[in-house]
Amino acid sequence: MKFTVDQKVFSKALSDVGRAVSQKSLVPILTGIQVLGNEEGITLIGTNTDIIVKRIISKDETSGNIHIDQTGNAVVSARYFTELIRKLPEVVHIDVDEKQVVKIKSGDIFTQLNGFRAEDYPQLPEIDGTNFLI
């Protein structure tokens, strides 16, 4: 996966999703946020098994400035990733290799985090959108 996104938009979305993530969990992957990059944009998912928060940053958002160079997904530590992105100065470039190493670049800053295997992250339940309460 490889994409570029505006720092402020990405940081806000990570903060929203990070609220659902438990800092201490018996299952280590649940301390992470799943990041999915596809043709429509970037999807962030956080869960603690009781609640799930999903945030989509679509390419249609004018303030997002999203460029998806390569689709894919990764799971990164919510605590470290959110704090790091929040402190970056400008546009953020994310590159994830096949070993789940997340490379983050913004301006003159370059760092990397080890991610979890995205296949191990719990799948979201399918919700039938026809039945709902107002």
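Here's what I pulled together on the structure shown here.

Definitions and cut-offs
Residues numbered from 1 in each chain as written. Predicted model: local features only at pLDDT ≥ 70, side-chain atom pairs only at ≥ 80, totals over all residues. Heavy atoms only, no water. Pairing = 2+ DSSP bridges. Helix = DSSP H or I, 4+ residues; strand = E, 2+ residues; numbered from the N terminus. Axes fitted to C-alpha atoms, helices over the stretch in contact; angles between N-to-C directions. Buried < 20%, exposed > 50% of the residue type's maximum accessible area, 1.4 Å probe, protein only. Arc of directions from axis to C-beta. Contact = heavy atoms within 4.5 Å. Phe/Tyr/Trp six-rings, centres within 6.5 Å; stacked < 30°, edge-to-face > 60°.

1. Quick notes on the pairing of strand β1 (residues 2–5)
Where a strand is regular, its side chains alternate between the two sheet faces.
1) Next: Two strands pair when backbone bridges link them, and β1 and strand β5 (residues 67–70) are joined in this way by three bridges, in the antiparallel orientation. Opposite T4, over in β5, you have H67 as the bridge partner.
2) Next: By the bridge criterion, four bridges tie β1 to strand β7 (residues 92–96) in an arrangement that is antiparallel. Bridge pairing in β7 places T4 opposite H93.

2. Observations concerning the sheet that holds strand β4 (residues 52–58)
What links the strands of a sheet is backbone hydrogen bonding, and the strands pair in either a parallel or an antiparallel sense.
1) Next: Read from one edge to the other, the open sheet built from four strands follows the order β4-β3-β2-β6, with strand pairing classed as antiparallel. Looking at strand neighbours, the two that pair on one side only are β4 and β6 (72–77), the edges of this open sheet. Strand-to-strand twist across the sheet, computed as the mean angle between neighbouring axes with direction ignored, equals 20 degrees.
2) Next: With six bridges joining them, strand β2 (residues 32–38) and β6 adopt antiparallel strand pairing. Counted as the bridge partner of I33 is V76 from β6.

3. Some words on the pairing of β7
1) Next: Across the two faces of β7 the burial differs, with V92, I94 and V96 buried and H93 and D95 not buried at all.
2) Next: Note that β7 and strand β8 (residues 101–106) share four bridges and pair antiparallel. Across the sheet, the residue bridging to I94 is I104, located in β8.
3) Next: Hairpin connection, β7 to β8: the antiparallel pair is bridged by four residues, and Q100 has positive phi, about 65 degrees.

4. Concerning helix α2 (residues 78–87)
1) Next: Residues of α2 that are buried: A78, F81, T82 and I85. With its buried residues spanning 95 degrees around the axis, α2 presents them on a single face.
2) Next: Looking at the buried residues of α2, the elements they touch are α1 (7–18), β2, β6, β7, β8 and β9 (109–114).

5. What about the packing of aromatic side chains?
1) Next: Under the defined criterion, the tally for this structure stands at two aromatic pairs.
2) Next: Summarising the aromatic geometry, the rings of F3 and F10 are spaced 5.8 Å apart at their centres and angled 80 degrees between planes, so their arrangement reads as edge-to-face. Judged on exposure class, the residue F3 and its partner F10 are both buried.
3) Next: Taking 5.8 Å as the distance between ring centres and 85 degrees as the angle between the ring planes, the aromatic pair formed by F10 and F81 counts as edge-to-face. A residue pair is termed long-range when its members are at least 10 positions apart, and F10 in helix α1 and F81 in helix α2 qualify at 71 residues.

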